[in-house]
Amino acid sequence: MDRITIFFATGNIVKVEEAERILKEYNISILHLPMKLLEIQSENLEEIAVFSAQKAWADQEKPLFVEDAGLFIKRLNGFPGPYSSYVFKTISNEGVLGLMAQYEDRIAYFQSVIAFCSGKKTVTFKGEVYGKISRERRGNFGFGFDPIFIPDEGDGRTFGEMNISEKTAISHRTRALRKFAEWVKSTDISKFI
Ligand code: ITT
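Residues numbered from 1 in each chain as written. Predicted model: local features only at pLDDT ≥ 70, side-chain atom pairs only at ≥ 80, totals over all residues. Heavy atoms only, no water.

J.: How should the site of the ligand be read in this particular structure?
T.: For the ligand, the set of nearby residues contains 20 residues, the closest of which are T10, G11, K15, D146 and K167. D68 is positioned such that a nitrogen or oxygen atom in its side chain is 3.5 Å from an oxygen atom of the ligand. Within the contact set of the ligand, an oxygen atom lies 3.1 Å away from a side-chain nitrogen or oxygen of H172. Protein contact buries 90% of the 600 Å² of open area that the ligand shows by itself. The pocket occupied by the ligand, as judged from atoms lying within 2 Å of grid points, is the largest pocket. Of the residues contributing to the shell around the ligand, the split by class is 6 nonpolar, 7 polar and 7 charged. (Near = heavy atom within 4 Å. Polar contact = N/O pair within 3.5 Å; in protein donor to acceptor, adjacent residues only side chain to side chain. Areas by Shrake-Rupley, 256 points an atom, 1.4 Å probe, with all protein chains shown as cover. 1 Å grid on protein atoms, 1.4 Å probe; cavity = no way out; pocket = protein on both sides within 12 Å on 5 of 7 lines; lining within 4 Å. Sits in = over half its atoms within 2 Å of the grid points. Nonpolar A, V, L, I, M, F, W, Y, C, P; charged D, E, K, R; others polar.)

J.: What should I look at first to understand unusual backbone geometry in this one?
T.: A negative phi holds for most residues other than glycine; trans holds for most peptide bonds. For the peptide bond that leads from F79 to P80, omega is 0 degrees, which places it in the cis range. Here P80 lies in the loop between β3 (64-73) and α3 (84-90). Even without a glycine there, the phi angle at N27 is positive, about 65 degrees. With a phi close to 55 degrees, N77 is a non-glycine residue in the positive phi region. With respect to the element layout, N77 can be found in the loop between β3 and α3. The class for N77 is exposed, based on a relative accessible area of 78%. (Helix = DSSP H or I, 4+ residues; strand = E, 2+ residues; numbered from the N terminus. Buried < 20%, exposed > 50% of the residue type's maximum accessible area, 1.4 Å probe, protein only.)

J.: Would you explain the packing of aromatic side chains in this entry?
T.: How two aromatic rings sit relative to each other is given by the distance of their centres and the angle of their planes. Summed over all chains, the structure comprises 12 aromatic pairs. A centroid spacing of 5.8 Å and a plane angle of 35 degrees characterise the contact between F116 and F180, whose relative ring orientation is tilted. One end of the pair, F116, is in strand β4 (residues 107-117); the other, F180, is in helix α6 (residues 172-186), and 64 residues separate them in sequence. Put simply, the rings of F8, F65, F116, F125, F180 and W183 touch in pairs and so form one group of aromatic residues. In this structure, K62 packs its charged tip against the face of F7, placed 5.4 Å from the ring centre. The lysine or arginine in question, R75, covers the ring of Y103, its NZ or CZ lying 4.1 Å from the ring centre. (Phe/Tyr/Trp six-rings, centres within 6.5 Å; stacked < 30°, edge-to-face > 60°. Lys NZ or Arg CZ within 6 Å of the ring centre and 35° of its normal.)

Okay, structure coming up:
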């Protein structure tokens, strides 16, 4: 099958590296559209991703996808969730560890939602990975909350202690990307472009 090229609108270069690795397995190439995405305030990542993808399409008129992700901590009723980016910018990992200091229940998950928009159609794909919030920051790989998230499917290391191929073997983003890639492969997307 011919190689397919799709644009990835994001301001986060690490996301692009992670996505390239996965999508090349499906013969899908991505071109980075570096941009600051417009986000609406919502408790639902899917709504945020759809809005951002449609705004990006209106701006660029290219078949593209965006990816919105967040860290949901059970003991904090899902916080920071859709506010992850703002919480990371303001109180960062140390702040989240401080909020969690008194709690034994450390269950959390990352969720990723991809929204693909071609003008004619917008579709979404979701991926999750479950784990625990660590007691301290560990590791310098990745970005964001990686140094405080210990995936259940790992060996006790945080995402921040895993290299990119170890993280992408199990990550929320990979899971959403694989669903997206399967859809691209099973659909005649030229109809939507
Ligand atoms: P966009 O331009 O694509 O929006 P962003 O970095 O602002 O890039 P998001 O809004 O999707 O990304 O992510 C919200 C925050 O959630 C992000 O700033 C990180 O702190 C955190 N996050 C998302 N995915 C993560 C991951 O794989 N590992 C660690 N933290 C992650």
